[in-house]
Amino acid sequence: MAKDKRPKQTAAPAPAVNPGTPDWPAFKPPLPVVDLEFESLVEDKVVVLRSFFPKNLCRDYVSFLKTLPLITTPGKPKRGDAVRVNDRFQIQDARFADRLWSETGLKDAVLHETVSHLWGGQVIGLNPNIRVYRYTKGQFFDAHYDDSNNVSLSTPIAPAPTQAKTTWTLLLYLTSQAEGCMGGETVFYPHDRRLAREEIPIAPETGMLLLHKHGDDCMLHEGREVKAGEKWVIRTDLCVVRK
Ligand SMILES: O=C(O)CCC(=O)C(=O)O
Ligand SMILES: [Fe+2]
């Protein structure tokens, strides 16, 4: 058979970094800096890792995040959406999601046998949809539920996209009272009503990572008004294989 002399059709290599992708600071010092063991705040619904980011890394991140083009949300939400008044930056960044997952100790902590039953399936990484929030004085996120979303995940280890869904919200607090941020608690309402006597307020702690269950089992929650200073949060989600 005659050899095909036509040049091979080779696809242009995908850009290593999408245009507009932030040049996120390195995780310095190398993470983790503490033993990462989840502490349960609400049984099977809310867990935290304190000091997930050390303070100086939070400071480096906040300085960097300030340079991003944050957009202040319009006051009037789309129908069905919660009122959210904050400054926000959003990017699809699979590489950063993967760094946060596998270069910080988070992956090992999440997959540890003591907690692996919580996540609603086999966790394969974090949602590439990365959101950065800054709340200044007077800003807040009104009470709402977080939805589960379908995502297609490719990781350096499994480059073929895997169909996944989000099951838990991840919030990483970069500031707290220690930096002059007053208020801004994330408040959970376990009985679907906003009663003061039932509320579970969680004050931001610099470097604390919080995970809460979302989708059908999501608790009603809000980001309470910031009274002074700035609350900075990075938000993504845990993703499990979709069956
Ligand atoms: O900022 C907070 O404390 C809550 C954020 C939140 O509820 C969300 O991102 O869905
Ligand atoms: Fe939420």
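The protein goes by Prolyl 4-hydroxylase 4 in an unreviewed UniProt entry, where it is assigned to Podospora fimiseda. The UniProt entry for the protein carries the following text under Cofactor (unreviewed entry): "L-ascorbate".

Draft legend 1. Region of interest: the pattern of salt bridges. Counted under the stated rule, the structure contains 15 salt bridges. In this structure, the salt-bridge partner of E222 is R224, at a minimum N-O distance of 3.9 Å. The exposure class assigned to E222 is buried, which follows from its relative accessible area of 5%. Overall, the relative accessible area of 27% leaves R224 in the partly exposed class. For the salt bridge of D237 with R235, the shortest nitrogen-to-oxygen distance reads 2.7 Å. The two residues D237 and R235 agree in class, both being buried. Several salt bridges share partner residues, and in doing so they unite D142, R194, E199, E222 and R224 into one network.

Draft legend 2. Structural detail: the sheet that holds strand β13 (residues 200–202). In space, the five strands of this open sheet follow the order β4-β8-β15-β12-β13, with antiparallel pairing throughout. The open sheet is flanked by β4 (84–85) and β13, the only strands paired with a single partner. Sheet topology note: the strand β8 (residues 140–144)/strand β15 (residues 220–223) ladder contains two bridges and is antiparallel. Bridge pairing in β15 links H144 to H221.

Draft legend 3. Fine view of helix α1 (residues 55–65). Within α1 the residues assigned to the buried category are L57, C58, Y61, V62, F64 and L65. An end-on view of α1 places all buried positions within 160 degrees of arc, on one side of the element. Close packing links the buried residues of α1 with α2 (94–102), β7 (129–135), β10 (162–173) and β17 (231–241).

Draft legend 4. Quick look at the site of ligand 1. In the vicinity of ligand 1, the contacting residues are Y133, Y135, F141, H144, D146, T186, H221, G223, K231 and R235. Between ligand 1 and the protein, one listed contact pairs an oxygen atom with a side-chain N or O atom of R235 at 2.9 Å. Coverage of ligand 1 by the protein amounts to 99% of the 290 Å² it exposes when considered alone. Residue classes in the shell around ligand 1 are distributed as three nonpolar, four polar and three charged.

Rules of the game
- Each chain carries its own residue numbering, running from 1 in the written order of its sequence.
- Naming scheme: in the order in which they are written, chains are lettered from A and ligands are numbered from 1.
- Only residues with pLDDT of at least 70 get local features here, since the model is predicted, and only at 80 or more are side-chain atom pairs given and counted; chain-wide, interface and lining totals rely on the full set of residues.
- In computing side-chain values, all of the structure's heavy atoms are included and hydrogens and water are not.
- UniProt positions are given in the numbering used here, feature names are shortened, and annotations may be inferred rather than shown by experiment.
- Within this document, salt bridges are pairs made up of a side-chain nitrogen of Lys or Arg and a carboxyl oxygen of Asp or Glu, the two lying within 4 Å of each other.
- Burial classification: accessible surface area is computed with a 1.4 Å probe over protein chains only, and a residue below 20% of its type maximum counts as buried, one above 50% as exposed, and the rest as partly exposed.
- The rule for pairing is simple: two strands pair if DSSP sees at least two bridges between them.
- Helix and strand definitions follow DSSP, with helices as H or I runs of at least four residues and strands as E runs of at least two, each counted in order from the N terminus.
- The arc in question is the one traced by the directions running from the helix axis out to the C-beta atoms.
- Contacts between residues were defined by any pair of non-hydrogen atoms, one from each residue, lying within 4.5 Å.
- Summary of the distance rule: residues count as near a molecule or strand when at least one heavy atom falls within 4 Å of that molecule or strand.
- We define a polar contact as two N or O atoms separated by no more than 3.5 Å, with the added condition that, inside protein, one atom must be a possible hydrogen donor and the other a possible acceptor, whereas residues neighbouring each other in sequence contribute only through side-chain atom pairs.
- In these tables, accessible area is a Shrake-Rupley quantity obtained with a 1.4 Å probe, and a residue counts as shielded only by the protein chains included in the view.
- Gly is put with the polar residues, along with every residue not named as nonpolar or charged; the nonpolar set is Ala, Val, Leu, Ile, Met, Phe, Trp, Tyr, Cys and Pro, and the charged set is Asp, Glu, Lys and Arg.

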